[in-house]
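# Geometric and topological summary
Listed below are the residues making up each chain.
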Amino acid sequence: MRIFDHPTMDGFTCPICGTNEDKPVTLVGVVGTQEGNNIGAIQYHIDCLHLVVDDFVGKETGEKIVYQFYIDHIPDIRKKVKKTGGLGNDVL
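Residues numbered from 1 in each chain as written. Predicted model: local features only at pLDDT ≥ 70, side-chain atom pairs only at ≥ 80, totals over all residues. Heavy atoms only, no water.

## Structural notes on the nonpolar core
If you look at the biggest cluster of nonpolar residues, it comprises 5 residues: Phe-4, Phe-12, Cys-14, Val-25 and Cys-48. In contact with Cys-14, not counting residues within four places along its chain, are Thr-19, Tyr-44, His-45 and Cys-48. (Core = buried A, V, L, I, M, F, W, Y, C linked by side-chain atoms within 4.5 Å. Buried < 20%, exposed > 50% of the residue type's maximum accessible area, 1.4 Å probe, protein only. Contact = heavy atoms within 4.5 Å.)

In structure tokens form, the structure reads like this:
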């Protein structure tokens with residue numbers, strides 16, 4: 001993931017926190033916008049992203065899915081992972 005020290009888009013507003021604060025951002029690709037090696041993307045503040053990985057979904061294939069959870073859900077997710085060893089589909 002490439003990190004930029006400052007927002008690079010005119011009129012930037014982080015979709016998560018709703019501010020245009022001048023702090024590090026990254027680009028997140030938008031599903032369905034890929035053309036060749038290019039993909040449409042949206043900028044997010046790095047400190048607004050709270051990512052978790054779930055390897056339960058693709059146990060047979062070795063695939064992993066990375067999810068974004070909003071901060072108010074993080075404590076519940078940590079409890080679930082600690083209790084069961086994974087997220088499982090019931091959390092989704």
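## Some thoughts on the confidence of the model for the protein chain
In this model, the protein chain carries a mean pLDDT of 76, and residues with pLDDT of at least 70 account for 68%. Mean pLDDT across the secondary structure elements of the protein chain bottoms out at helix α1 (residues 74-84), with 52, and peaks at strand β1 (residues 3-4), with 93. Counting contacts from residues 85-92, a segment whose pLDDT is below 50, to residues more than four positions away or on other chains yields 19 contacts. (pLDDT = per-residue confidence, 0-100. Helix = DSSP H or I, 4+ residues; strand = E, 2+ residues; numbered from the N terminus.)

## Describing a nonpolar patch on the surface
Judged by side-chain polarity, Met-1, Ile-3, Leu-51, Val-53 and Val-66 come together as a nonpolar surface patch covering roughly 520 Å² of accessible area. Along the chain, Val-66 turns up in strand β5 (residues 63-68). (Patch = residues over 30% accessible without salt bridge, like charges linked within 9 Å, V, L, I, M, F, W, Y side chains within 5 Å. Areas by Shrake-Rupley, 256 points an atom, 1.4 Å probe, with all protein chains shown as cover. Salt bridge = Lys/Arg side-chain N within 4 Å of Asp/Glu carboxyl O.)

## So, the sheet that holds strand β3 (residues 41-45)
Spatially, β1-β2-β3 is the arrangement adopted by the 3 strands of the open sheet, whose pairing is antiparallel. Two strands bound the open sheet, and with one partner strand each, they are β1 and β3. Judged from the 5 bridges that link them, strand β2 (residues 25-29) and β3 form a sheet pairing that is antiparallel. Across the sheet, Gly-29 pairs through a bridge with Ala-41, a residue of β3. (Pairing = 2+ DSSP bridges.)

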